[in-house]
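What follows is the residue order along each chain.
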Amino acid sequence: MASKKRPDTQKTSEIVCLDSRSLEREPEAKKLRVKGPGCNKRCESDCLWEGLASLQVPPSCSSLQVSSSCSSIVRDLYQYRLDEAAWLPLQQSLQKSFLHSLASYQIFHKAAPFDRRVTSLAWHPTHPSTLAAGSKGGDIMLWNFGIKDKPTFIKGIGAGGSITGLKFNLLNTNQFFASSIEGTTKLQDFEGNTLRIFTCSDTCNIWFCSLDVSTKSRIVVTGDNVGNVILLNTDGKELWNLRMHKKKVTHVSLNPCCDWLLATASVDQTVKIWDLRQVKGKNSYLYSLLHKHPVNSAYFSSDGSRLLTTDQKNEVRVYSASQWDNPINRIPHPHRHFQHLTPIKATWHPRYNLIVVGRYPDPNFESCAPYELRTIDIFDGNSGKMMCQLYDPQDSGIISLNEFNPLGDTLASAMGE
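Residues numbered from 1 in each chain as written. Predicted model: local features only at pLDDT ≥ 70, side-chain atom pairs only at ≥ 80, totals over all residues. Heavy atoms only, no water.

> When you look at a positive patch on the surface in this model, what are you seeing that I'm missing?
Residues R243, K246, K247 and K282 make up a contiguous surface patch of positive charge. Tracing the backbone through its elements, the reader meets K246 in the loop between β16 (238-243) and β17 (249-254). (Patch = residues over 30% accessible without salt bridge, like charges linked within 9 Å, V, L, I, M, F, W, Y side chains within 5 Å. Areas by Shrake-Rupley, 256 points an atom, 1.4 Å probe, with all protein chains shown as cover. Salt bridge = Lys/Arg side-chain N within 4 Å of Asp/Glu carboxyl O. Lys, Arg positive; Asp, Glu negative; His and termini not counted. Charge placed at Lys NZ, Arg CZ, Asp CG, Glu CD. Helix = DSSP H or I, 4+ residues; strand = E, 2+ residues; numbered from the N terminus.)

> Looking at this structure, I do not really get the nonpolar core. What am I missing?
Counting 19 residues, the largest nonpolar core has L18, F98, L102, I378, L390 and L411 as the members making the most contacts within it. If one sorts the elements of this core by residue count, strand β28 (residues 386-390) sits on top with 3 residues. By size, the runner-up hydrophobic cluster in this structure holds 16 residues, among which are I15, C17, V118 and A414. (Core = buried A, V, L, I, M, F, W, Y, C linked by side-chain atoms within 4.5 Å. Buried < 20%, exposed > 50% of the residue type's maximum accessible area, 1.4 Å probe, protein only.)

> Where do I start with the state of the cysteines in this structure?
By definition, a disulfide links the sulfur atoms of two cysteine residues through a covalent bond. Per the stated rule, a full pass over the model turns up 0 disulfides. C258 carries a free sulfur, and the closest cysteine sulfur to it, the one in C257, is 6.2 Å from it. By relative accessible area, which is 30% here, C258 ends up partly exposed. (Disulfide = S-S within 2.5 Å.)

> Before we go on, may I ask you to explain the environment of Q312 in this structure?
Tracing the sequence through the fold places Q312 in the loop between β22 (306-311) and β23 (315-320). Classification of Q312 by relative accessible area gives buried; the value is 15%. Each C-alpha atom of the pair Q312 and V295 lies 5.7 Å from the other, and the pair is 17 residues apart in sequence. A distance of 3.0 Å separates the side chain of Q312 from the side chain of N296, its partner in a polar contact. (Polar contact = N/O pair within 3.5 Å; in protein donor to acceptor, adjacent residues only side chain to side chain.)

> Looking at this model, I keep getting lost on the pattern of salt bridges. Mind explaining?
Oppositely charged side chains can form a pair if their charged atoms are brought close together. Summed over the entire model, instances satisfying the criterion amount to 10 salt bridges. E182 is the partner of K186 in a salt bridge, and the nearest nitrogen-oxygen pair spans 4.0 Å. Note that R359 is salt-bridged to D377, the shortest N-O span being 2.7 Å. Taken together, the positions of R359 in the loop between β26 (354-358) and β27 (376-380) and D377 in strand β27 put the pair 18 residues apart, joining distant regions of the chain. Salt bridges here are not isolated pairs; linked through shared partners, they connect E315, R317 and R330.

> Please clarify how the pairing of β27 should be interpreted in this entry.
Looking along a regular strand, one sees the side chains alternate between the two faces of the sheet. β27 sits mainly inside the fold: 5 of its 5 residues count as buried. Pairing analysis gives 5 bridges linking β26 to β27, with the strands arranged antiparallel. From the neighbouring strand, V357 faces β27, where its bridge partner is D377. In the sheet, β27 pairs with β28 via 4 bridges, with the strands oriented antiparallel. Across the sheet, I378 pairs through a bridge with C388, a residue of β28. Between β27 and β28, which pair antiparallel and follow one another directly, the connecting turn spans 5 residues, one of which, G384, has a positive phi of 80°. (Pairing = 2+ DSSP bridges.)

Interpretation note: all reported values are geometric properties and have no functional meaning in isolation.
As structure tokens, this is what we get:
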């Protein structure tokens, strides 16, 4: 069998942050160095820069007029005050305005803190300029790019310590939950102290691949590489441990509005939806959503009404609460799996019905063009239409992870081998 060729990626992992407000930040940020549009020199870590090159916006977006967009928002706001039913056109106007603002998105900060690739990202829930990142070597970085201080860095164990899930503790945001290939799911603080161990494997053949937490219900859910899903309370008491999939559980997601609703994704080519109040065994799922390929992720939208799945080949799907077992959208998209890359996962914008996902061009993909770029693609969640592509020639690696902050105005992207 012919060996697979490693993709041409950068040698070090890198995290970049993009937004449209690089020159309007708080005083601490203004003290940082800003490179002007005419500078071609590559920016070092821990500095600001502007000038996102080759931003590609379809004609439907680039032809938007600011004046008409603003007048439309004002009109819809007035109608909304008169009638609650006007919320949909207001939301559409706000989304239209946001898409227009993407034309000014720029990389304003970047860092390359790890010697191995980035495997997880998590935004601070209350500080929109603070980001946590985990690496394949088990390193974790807390990065407040709004101030000049160096990021907080927790050294991992190296090989075999990959961080597979990362969540801030909403009851104490100086703490975080983390699952890892080391074989544990833990609560830690950013001084490097382990506060509680929720799960610990007694063998190197079992490790934990996914994590989610509900502060409201005080529960922690984690999945392992052999198909088990474990539910615990935040005191560390195990509520149940069941084999819910035939193979590795790549992702677990609690519905943000109904946290008793759980979605699990697996390399067994299924996504399953569960009611945690009624789980009795592996067959007690509400829905089993069969995919053509193994599945990397399944994310509920911020309002809990939609589910976004990403397979390991070329399809992103959108499901709706009105009919969980039938996708309302199947979006063809190249993001094939490769052993030495962090799996690509599509995520939601927190405020609009928009999907963001990294592109890994595939010559076998039906619509692949010669010399296709490794862009960040943004789709409309309703129509499945491509709305925008972000690209910078100085950071042309495969972008596996993309996460908007809770305000939805800053995008963190992670790339690298």
